[in-house]
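Read off the chains here:
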2 protein chains.
Amino acid sequence: MADEVKRQVYLDHMANTPVDPRVIEAILPHLKNTYGNPLNLHDFGQKTAKAIEEGRQKVAELIGATAKEIIFTSCGSESNNFAIKGIANANEKKGKHIITSAIEHFSVLHPVKELEKQGFKVTYLPVDKNGLIDPEAVAKAITNETILVTLTQASNEIGAIEPIKEIGAKVKEKGVVFHVDAVQSAGTIPVDVADLNVDALTLSANQFYGPTGVAALYLKKGTRIIPFILGGTQEEGKRAGTHNIAGIVGLGKAAELAKTEMKVRADKLVPLRDKLLKELPKKISDFFVTGHPTQRLPNHASGCVKFIEGESMSMLLNMEGIAVSTGSACVSKALKASHVLLAIGVSPENVHGSLVFSLGKDNSAADVDYLLEKLPPIVNRLREMSPLGKSK
Amino acid sequence: MADEVKRQVYLDHMANTPVDPRVIEAILPHLKNTYGNPLNLHDFGQKTAKAIEEGRQKVAELIGATAKEIIFTSCGSESNNFAIKGIANANEKKGKHIITSAIEHFSVLHPVKELEKQGFKVTYLPVDKNGLIDPEAVAKAITNETILVTLTQASNEIGAIEPIKEIGAKVKEKGVVFHVDAVQSAGTIPVDVADLNVDALTLSANQFYGPTGVAALYLKKGTRIIPFILGGTQEEGKRAGTHNIAGIVGLGKAAELAKTEMKVRADKLVPLRDKLLKELPKKISDFFVTGHPTQRLPNHASGCVKFIEGESMSMLLNMEGIAVSTGSACVSKALKASHVLLAIGVSPENVHGSLVFSLGKDNSAADVDYLLEKLPPIVNRLREMSPLGKSK
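On a predicted model such as this, the values are computed, not experimentally measured, just so you know. (Residues numbered from 1 in each chain as written. Chains lettered and ligands numbered in written order. Predicted model: local features only at pLDDT ≥ 70, side-chain atom pairs only at ≥ 80, totals over all residues. Heavy atoms only, no water.)

### Here we look at the nonpolar core
Spelled out, the test is: Nonpolar core, defined: a set of buried Ala, Val, Leu, Ile, Met, Phe, Trp, Tyr and Cys residues in which side-chain atoms within 4.5 Å join the residues together. Type-normalised accessible area, obtained with a 1.4 Å probe on protein chains alone, sets the label of each residue: buried when under 20%, exposed when over 50%, and partly exposed for intermediate values.
Ranked by size, the top nonpolar core spans 130 residues in total, and within it I63 and L201 of chain A together with I63 and L201 of chain B carry the most contacts. Judged by nonpolar contacts, the second largest core, of 44 residues, contains F120 and V122 of chain A together with I71 and A88 of chain B.

Below, the structure is given as structure tokens:
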């Protein structure tokens, strides 16, 4: 009567990574015994303050920052909202022009659009067919009114790694504040804020095997910002609210592990990613890869199956125990055509056939083979269900 | 050579409660194995969605709400910022008048002051010497322009329980939105949103033995609000950002325990609280109780020692292993005279001698006796250090 255990293959690490057991081990004693308020001077509070500052130091080391430049937040979305609104509003007397791109996450685009309603002018830079932003285009878009450039380092939907260093050099030359949404890249590829010439950078624990509910904003010393969550004096007055103690410890430990193991993880995943990028178009007719063929996150493969709904493929893959995403997790419920795929020139019909396969450090070659075995017959089955080869 | 273990007495539960071991037990399996993005339809995501919705249901049950009326946030400060800015901005076409009180937490006062700068008019209601707001005064302050009344149910500094039900009835009669900051009260005293006639209510897990980094905003069905953190479609589009999965599970479990054990906890703590309120003025000359003598949180005792700095007493108590607060944890580093104590009529000189003793469910009668033994000689010692009996 024993049930057969269904094989479970999680290929949705862009949406969320599992928490590393070593991170849980680091969190546990603090979850149990670290609860004093760090703003209070008693031993209980100072124990918490020490745990938080150790976490801050580790996050700083991951990105080549100093600890004082790290502000803890609750998620990448909060960091992006905070950075964009806070930097724009702190600098609006200098000018009211913001530059962003057509492939940003909604936690960047929506605050930018809100600022637009409030009178800011916004330039939405296009990307090429591989999803890359042209550094020259950024430089050309900067005017005397420009106060903020905010760009992603890698979109969760297409995984292309943007030329942030080249863009950063140009933005710095013009004296404009540069914010980078590195939620999908920090902890996965080397990110050094000095090397990249960024003034503000968003990162999130849940993208590199830390817990959900904790993230950070790097803010270069001297960069002006208006606080987003107002209240107490936490985080040097820049972010009010009781600290997520266990979360910060977990983010710190995850950052430490990411720094140490980044190369090993990437070396393992790049061949798996490349196998997907090579084999999927071979095994599935009318499949094309999205994003850059090589300049992409080591754990990210994506593409579109023509004439088939990503949602249907994802549901049938799920029945085989395989978890993939049909685009950005944050918009999948919205069922809107992805603005990122439209921006790289995918036609509106084909956008709906989008699939993102995002690998994690514990995925194996067998996981990739399992997907490559299961997906093609699913595509064929869905095509047979529709005489025109269209699911809708 | 064995060190004597120093007795540790934590009396700073208004700042943060320890996490209940049963909450940790509830969190752990999810910290390990629940990581799918709940917006994705695969099994991993749906497992997370189920955990989140169970947490939501438990939070709703704690305050007599429906699950759909609960929005998860990262802290009480975020909930307060969100509620105040979001409700005010959603209703500003109806009017631009807000009513609050002189004893609010900074996470209420600062957003209100920001709205004031943007053109809103604000009435700051006074309180009586016990810290109570007069419901009649609230009713009288409401004009045709009033769109929001935002009041605390209990200040962390003085613990007086406000007549929210009476105020709620009057605010409802006038058709104005009523937000209550129940960070210090929800989970500690009975809070029923229907009975209290509130439209929005802030609560936080770290005040009733849940983890830090997770909180909620109750928003009555139909209450208009503009989202605060913009981005993805989480929380029905009202709060973007990846969910704090383990945190939400912990908040839910803590809410369930609080509901079941609230009376037992209070029955245990009220006599300890009352002993402090009775004995402290007897044992310490020039000590007076702050807040209401009886209508106060079951775990809250507070007062001022004349001519002595609270900070000095707190430091010496810490050397005896006792953790207390000198006021609101969020402002203690700021060393400003507490606006709450000034509002109840404490003189500026005496404000600095403020101490808050906040009990927790695991405190014992012996803990209270230990404080009552240790504090008087500390006060005497500090007085002796200054010939005028003044520490400064």
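From this point on, the discussion continues.
### Description of helix α9 (residues 310-319) of chain B
We apply this condition: The secondary structure listing takes helices from DSSP runs of H or I that are at least 4 residues long and strands from runs of E that are at least 2 residues long, numbered from the N terminus. Here a residue-residue contact requires only that any non-hydrogen atoms of the pair lie within 4.5 Å.
Burial in α9 of chain B covers these residues: G310, M313, S314, L316, L317 and N318 of chain B. On its buried face, α9 of chain B sits against α2 (43-63) of chain A together with β10 (300-305), β11 (322-323), β12 (354-358) and α12 (365-385) of chain B. Of the residues flanking the end of α9 of chain B, it is G321 of chain B, one or two places downstream, whose phi is positive at about 90°.

### Comments concerning the relation of the copies chain B and chain A
What relates the pair of chain copies is a rotation about an axis plus a shift along that axis. Spelled out, the test is: Superposing the copies works by least squares over the C-alpha atoms of residues that have pLDDT at least 70 in both of them.
Expressed as a screw transformation, the operator carrying chain B onto chain A has a rotation angle of 180° and an axial translation of 0.0 Å, and the superposed copies differ by an RMSD of 0.0 Å. With respect to symmetry, the two chain copies, as superposed, fit the operation of a two-fold axis. Of the C-alpha atoms belonging to chain B, the one lying closest to the rotation axis is found on S74 of chain B, 3.0 Å away. Of all interface residues in chain B, 100% are interface residues in chain A too; the two copies therefore contact each other through one and the same surface.

### Examining the domain arrangement of chain A
All names here are of chain A. Rules: Boundary definitions for the domains trace back to an automatic or database domain assignment. Note on terms: buried area is the combined drop in 1.4 Å-probe accessible area of two parts once they are placed together, counting the loss on both. Definition used for salt bridges: Asp or Glu carboxyl oxygen within 4 Å of a side-chain nitrogen of Lys or Arg. Whenever a nitrogen or oxygen atom comes within 3.5 Å of another N or O atom, the pair is scored as a polar contact, on the condition that within protein one atom can donate a hydrogen and the other can accept it, and that pairs from neighbouring residues in sequence are kept only if both atoms are in side chains.
When cut into domains, chain A gives domain 1 (9-15 + 262-391) and domain 2 (21-258). For domain 1 versus domain 2, the separation of C-alpha centres amounts to 28 Å. At the junction of the two partners, domain 1 supplies 29 residues and domain 2 supplies 35 residues. For the pair domain 1 and domain 2, the summed buried area comes to about 2700 Å², and 57% of that belongs to carbon and sulfur atoms. Inspection of the domain 1/domain 2 interface yields zero salt bridges. At the boundary of domain 1 and domain 2, one finds eleven residue pairs in polar contact (both at pLDDT 80 or more). Listing elements by their share of the side of domain 1 that touches domain 2, those giving two or more residues are α8 (245-283), β10 (300-305) and α10 (339-343). Among the elements that make up the side of domain 1 that touches domain 2, the one with the highest residue count is α10 (four residues).

### Description of the packing of aromatic side chains
Selection criterion: The aromatic pairing rule takes the rings of Phe, Tyr and Trp, using the six-membered ring of Trp, and pairs them if the centres are within 6.5 Å, calling planes under 30 degrees apart stacked, those over 60 edge-to-face and the rest tilted.
In the structure shown here, the tally under the stated rule is seven aromatic pairs over all chains. When the ring of F44 of chain A is compared with that of Y10 of chain B, the centres are 4.8 Å apart and the planes differ by 55°; the resulting orientation is tilted. Taken together, the residues span two chains, with F44 of chain A in helix α2 and Y10 of chain B in strand β1 (residues 9-10). For F44 of chain A, a relative accessible area of 13% gives the class buried. Classification of Y10 of chain B as buried rests on a relative accessible area of 5%. Relative to F228 of chain B, the ring of F228 of chain A has its centre 4.2 Å away and its plane inclined at 10°; by these criteria the two rings are stacked. With F228 of chain A in the loop between β8 (215-219) and α8 and F228 of chain B in the loop between β8 (215-219) and α8 (245-283), this residue pair bridges two chains.

### Notes on the interface of chain B and chain A
Listed as interface residues are 65 residues of chain B and, on the opposing side, 65 residues of chain A. Taking both partners together, chain B and chain A bury about 5300 Å²; carbon and sulfur atoms supply 59% of that area. Three residues, L31, Y35 and L230 of chain B, lead the burial of chain B against chain A; their summed loss comes to 12% of the area buried on that side. Our count for the chain B to chain A interface comes out at zero salt bridges. One can count 20 residue pairs in polar contact (both at pLDDT 80 or more) joining chain B with chain A.

### Brief notes about unusual backbone geometry
All names here are of chain A. Not every positive phi belongs to a glycine, and Y209 is a case in point at roughly 70°. Relative to the elements of secondary structure, Y209 occurs in the loop between β7 (200-204) and β8. Notably, E235 is not glycine yet its phi reads approximately 50°, a positive angle. Topologically, E235 is positioned in the loop between β8 and α8.

### Comments concerning the pairing of strand β2 (residues 70-73) of chain B
Residues and elements named next belong to chain B. Inclusion rule: The pairing criterion for strands is at least two bridges between them, as found by DSSP.
Burial along β2 is two-sided: I70 and F72 and I71 and T73, pointing in opposite directions, are all buried. The pairing of β2 with β8 spans four bridges and is classified as antiparallel. Residue I71 lies in a different strand from β8, and its bridge partner there is L217.

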